[in-house]
Amino acid sequence: MKRKILLTVMMASGWATAQSMPEDFADMTAMLPDAVYDIRYHGSNNFVGMPVDGYLAPKCILQGKAAKALVKVSEAAQAQGYKLKIFDCYRPTQAVAHFMRWAQDLADTATKAAYYPNLGKDKLVGEYIAERSGHSRGATLDLTLMKRDKQGEWVELDMGSPFDMFDVLSNTENPSVTDAQLQNRFTLRALMEAQGFTNYDMEWWHYSLSPQPYPDTYFNFPVE
């Protein structure tokens, strides 16, 4: 009963502050062991250039409905010879706050060449970095597809731009990428859309379950 009351208060406020994972959230590393997990914000290989607040473990956590839908995506992908590679899932609000502090420090451009080569850092907040992220609701994730190469090794599909590159080149239907790269993006989109996920057209890797299980709630428990 106390948990239900707490969730009601959090949903009414629109900003969750609970420090424990709700019962209807799941650790995808247990539910989906065949996926590859490259949780970028747990380490330093990301646009901030350091581990991000709230990521205490390299795990993908999702709300239950999104978790079950992603398992179905994985099954369909495997049937076509693909494997999922996941970069980010649930994101605590403390991580979003860390992003905003980084974005506001215009003197720190150490990662510009890799992540936003054609944009000023002052242009990132809004279309690319949100003050409130849908990831914090627990049903949004960033991912790509992998396939075996001629040597039998699993490699990422060529999507025409790397994950988290803030550039028009990352727009899902950008005509500047090759036909093969565009088809790879469309393959990922078709697999995700078939299970109820919607793509954010600015970023080929970004998908949200629709409708969102917690449309007005932003959680802040750590990823651990």
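The coordinates are above.
Residues numbered from 1 in each chain as written. Predicted model: local features only at pLDDT ≥ 70, side-chain atom pairs only at ≥ 80, totals over all residues. Heavy atoms only, no water.

Looking now at the pattern of salt bridges. A side chain of one charge can pair with a side chain of the opposite charge when the charged atoms of the two come close. Across all of its chains, the model carries eight salt bridges by this definition. The salt bridge partner of Arg 40 is Asp 38, with a shortest N-O separation of 2.8 Å. What makes Asp 38 partly exposed here is its relative accessible area of 23%. Measuring nitrogen to oxygen at the nearest pair gives 2.8 Å for the salt bridge that ties Asp 88 to Arg 91. For Asp 88, a relative accessible area of 0% gives the class buried. (Salt bridge = Lys/Arg side-chain N within 4 Å of Asp/Glu carboxyl O. Buried < 20%, exposed > 50% of the residue type's maximum accessible area, 1.4 Å probe, protein only.)

As a further point, take the state of the cysteines. For the coordinates displayed, the defined rule picks out one disulfide. Here Cys 60 engages in a disulfide with Cys 89; their sulfurs sit 2.0 Å apart. Where Cys 60 bonds to Cys 89 through sulfur, the torsion about that S-S bond is close to -95°, and the disulfide is left-handed. Residue Cys 60 is located in the loop between strand E2 (36–37) and strand E3 (61–63), and its partner Cys 89 is located in the loop between strand E4 (82–88) and helix H4 (93–104); the two are separated by 29 residues in the primary sequence. (Disulfide = S-S within 2.5 Å. Helix = DSSP H or I, 4+ residues; strand = E, 2+ residues; numbered from the N terminus.)

Leu 70, Ile 129 and Phe 197 are the most contacted members of the largest nonpolar core, which has 58 residues in total. When residues of this core are traced back to their parent elements, those giving at least two are strand E1 (25–27), E3, helix H3 (64–79), E4, H4, strand E5 (140–148), helix H6 (179–193) and strand E8 (206–209). The leading source of residues in this core is H3, at seven residues. With residues up to four places along the chain from it excluded, the contact list for Phe 197 reads Ala 66, Ala 69, Leu 70, Val 73, Ala 139, Leu 141, Met 192, Tyr 207, Ser 208 and Leu 209. (Core = buried A, V, L, I, M, F, W, Y, C linked by side-chain atoms within 4.5 Å. Contact = heavy atoms within 4.5 Å.)

Right, let's talk about the pairing of E5 for a bit. Taken across its nine residues, E5 has seven buried, putting it largely inside the fold. Summarising the sheet, E4 and E5 pair through six bridges and their orientation is antiparallel. Following the sheet pairing, Lys 85 is matched in E5 by Thr 144. Here three bridges tie E5 to E8, and the two strands are oriented antiparallel to one another. By the bridge assignment, Asp 142 is partnered in E8 with His 206. As paired strands, E5 and strand E6 (residues 154–156) are joined by three bridges and run antiparallel to one another. Its bridge partner lying in E6, Met 146 is registered against Glu 156. (Pairing = 2+ DSSP bridges.)

Moving on, we come to the environment of Gln 94. Within the element layout of this structure, Gln 94 appears in helix H4. Judged by its relative accessible area of 27%, Gln 94 is partly exposed. Along the primary structure Gln 94 and Asn 220 are separated by 126 residues, whereas in three dimensions their C-alpha atoms are 6.4 Å apart. If we skip the residues at most four places from it in the chain, Gln 94 touches Asp 53, Gly 54, Asn 220 and Pro 222.

Here we take up H3. Here H3 contains 16 residues, and its C-alpha end-to-end distance of 23 Å stays within 8% of the 22 Å for a straight helix at 1.5 Å per residue. Every buried residue belonging to H3 is among Gly 64, Ala 66, Ala 67, Ala 69, Leu 70, Val 71, Val 73, Ser 74 and Ala 77, and all of these are buried. Between a side-chain oxygen at the N-terminus of H3 and the backbone nitrogen of Lys 65 the separation is 2.7 Å; the capping residue is Gln 63. Two residues or fewer past H3, Gly 81 is found with a positive phi of approximately 90°. (Expected span 1.5 Å × (residues − 1). Polar contact = N/O pair within 3.5 Å; in protein donor to acceptor, adjacent residues only side chain to side chain.)

A complete count under the given rule lists 19 aromatic pairs for this structure. Relative to Tyr 116, the ring of Trp 102 has its centre 5.9 Å away and its plane inclined at 85°; by these criteria the two rings are edge-to-face. Placement of the pair is Trp 102 in helix H4 and Tyr 116 in the loop between helix H5 (112–115) and E5, with a sequence separation of 14 residues. There is no split in this pair, since Trp 102 and Tyr 116 are both buried. Joined through ring pairs, the aromatic side chains of Tyr 41, Phe 47, Tyr 55, Phe 87, Phe 99, Trp 102, Tyr 116, Tyr 128, Phe 163, Phe 166, Trp 204 and Trp 205 make up one cluster. (Phe/Tyr/Trp six-rings, centres within 6.5 Å; stacked < 30°, edge-to-face > 60°.)

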